[in-house]
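Descriptive structure summary
Here's the letter readout for the chains.
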Amino acid sequence: MENSDKIFDIQKKLFEEIQTRLPSQYILVDMISDILDTSRDSAYRRINCKKPLSIGETYTLCKHFQMSFDNLMDIRDVHQFDCVYRPIDLSISNEYQNYMFALAKNIEKLKNARDSSILMSAMDIPVFHLITQKELTFFKLYTWTQSVYNYEGTMDDFMKEIETPDILNCYRIISSNYELIPSAEIWTENTVNTTLSLINYYVEIGSFSNKELPLLLCEQVLNILTKMQKWAENSVKGERTTPFQLYISEMELENSYILMKQEDIINCVVKLFTINSLNVFDKKFCVETESWLTKLSQRSVLLCGSSEKDRIKYFNSQRQRVRFLMDKIKSL
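Parameters at a glance
Residues numbered from 1 in each chain as written. Predicted model: local features only at pLDDT ≥ 70, side-chain atom pairs only at ≥ 80, totals over all residues. Heavy atoms only, no water. Helix = DSSP H or I, 4+ residues; strand = E, 2+ residues; numbered from the N terminus. Buried < 20%, exposed > 50% of the residue type's maximum accessible area, 1.4 Å probe, protein only. Contact = heavy atoms within 4.5 Å. Areas by Shrake-Rupley, 256 points an atom, 1.4 Å probe, with all protein chains shown as cover. Lys, Arg positive; Asp, Glu negative; His and termini not counted. Charge placed at Lys NZ, Arg CZ, Asp CG, Glu CD. Expected span 1.5 Å × (residues − 1). Polar contact = N/O pair within 3.5 Å; in protein donor to acceptor, adjacent residues only side chain to side chain. Axes fitted to C-alpha atoms, helices over the stretch in contact; angles between N-to-C directions. Parallel < 35°, antiparallel > 145°, perpendicular 65-115°, else oblique. Nonpolar A, V, L, I, M, F, W, Y, C, P; charged D, E, K, R; others polar. Disulfide = S-S within 2.5 Å. Core = buried A, V, L, I, M, F, W, Y, C linked by side-chain atoms within 4.5 Å.

1. Some remarks on the overall build of the protein chain
Of regular secondary structure, the protein chain possesses 13 helices and eight strands. For the protein chain, the C-alpha atoms occupy an extent of roughly 80 × 50 × 40 Å along the three principal directions. By the burial criterion, 48% of the 332 residues in the protein chain qualify as buried. Within the protein chain, counting contacts between residues at least 6 apart in sequence, those at least 24 apart form 73% of the total. For the protein chain, the exposed area adds up to about 17600 Å²; of that, 50% sits on carbon and sulfur atoms. In the protein chain, 39 side chains carry a positive charge and 45 a negative one; their mean positions are 3 Å apart.

And the structure:
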């Protein structure tokens, strides 16, 4: 009897956790009925712990909602949670394209949800801005592939392999949908410098066949800065009326986080290396991350609206860094 009670305790926790992950317009019993391909009455009996879930049913639910069964066990000395990690090997055909298609789908879903928002910290130029500049994006991917997977081709070879109409259209969809989601970004004095240092390194080791490409990459960084300054000045994204806030932290960030909220669902993407990331749905982790990012923004300088002096000073200093690198490249 004791074991039976324990099983139902775990089953109850499972459905409670699933309920927290469901948007408000979804009904739990209908969702469980569809996923387990069973009647509503049978789903009710499982939800109300009148009938135990089978191993197969438990596996199906955990997989569908990206949950770890281990987390449902009564472990009190540490908070454990599951996350999704999918390393991207760009040498595998369609690997990157599938990854970006999945991102596009998630951002579109977020755009269409009620009360959606994004709060992020940026050690590097965020992907939502980077992908508006094709060559700069491909350069970052190229250097990643070289350093991690020992890619031996030139950047021209790499661009021919990865550039397709589908991937460029995917970039446009992601960036366009991002402009429709209220967001706040926390940058630092070195957010842009991460990319500039990478360009400088590849110039110094002679990876570019001529000066035109690294100069183009610098121009594209300037394009991003121009757009960001306009957004910050108007406190909205582009020509739209989507709320936008840009903060500059005096503290260096330990990592890049993208916190996405929609209705009753919250998840956090923790950036690893260049494009790999952890996708975390654990509520406690996400709430603590949101609290940390919020406090960080409160200790940072807001560049939006009336903060003209701080805004001009920041963007002028960033442009000066870019132009210093461009002068260096031209002198070689």
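Alright, that's what it looks like, and here's the rest.
2. Some thoughts on helix α7 (residues 134-149)
A rise of 1.5 Å per residue sets the reference length of α7, with its 16 residues, at 22 Å; its end C-alpha atoms lie 22 Å apart and thus fit the reference within 8%. Listed as buried for α7 are E135, L136, T137, F138, F139, K140, L141, Y142, T143, W144 and T145. Once α7 finishes, N150 follows within two positions and takes phi at roughly 55°, a positive value.

3. Observations concerning the environment of K51
Looking at the element boundaries, K51 is found in the loop between α3 (40-47) and α4 (55-64). Owing to a relative accessible area of 30%, K51 belongs among the partly exposed residues under this scheme. Distance from K51 to N255, taken between C-alpha atoms, is 44 Å for residues 204 residues apart in sequence. Beyond its immediate stretch of four places on either side in the chain, K51 contacts F8, Q11, R45 and R46.

4. Side note on the side chain of N279
Mapped onto the secondary structure, N279 falls in strand β7 (residues 276-280). At 2.8 Å, the side chain of N279 forms a polar contact with the side chain of N267.

5. A word on the environment of M251
Looking at the secondary structure, you find M251 in the loop between β4 (244-249) and β5 (257-262). With 64 residues separating them in the primary sequence, M251 and W187 have C-alpha atoms 9.7 Å apart. Setting aside residues no more than four positions away along its own chain, M251 makes contact with T188, L296 and R299.

6. Concerning the packing of helix α11 (residues 212-234) against helix α13 (residues 308-331)
Here α11 crosses α13 at 175°, and the two axes come no closer than 10 Å. When the axis of α11 is compared with that of α13, the two are roughly antiparallel. Here P214, L215, C218, E219, V221, L222, L225, T226, M228, Q229, A232 and E233 of α11 come into contact with α13, specifically with R311, I312, F315, Q318, R319, V322, L325, M326, I329 and K330. When grouped by side-chain class, the residues that make up the contact of α11 with α13 number 14 nonpolar, three polar and five charged.

7. Overview of the state of the cysteines
Disulfides are covalent bonds that connect the sulfur atoms of two cysteines. A full pass over the atoms with the stated rule returns zero disulfides. Distance from the sulfur of C49, which forms no disulfide, to the nearest cysteine sulfur (C62) is 14 Å.

8. Brief notes about the nonpolar core
With 65 residues, the main nonpolar core has Y96, I118, L141 and L246 as its most contacted residues. Ignoring sequence-local partners within four residues, the contact set of I118 consists of L110, F128, Y178, I181, P182, S183, A184, I258, L259 and M260.

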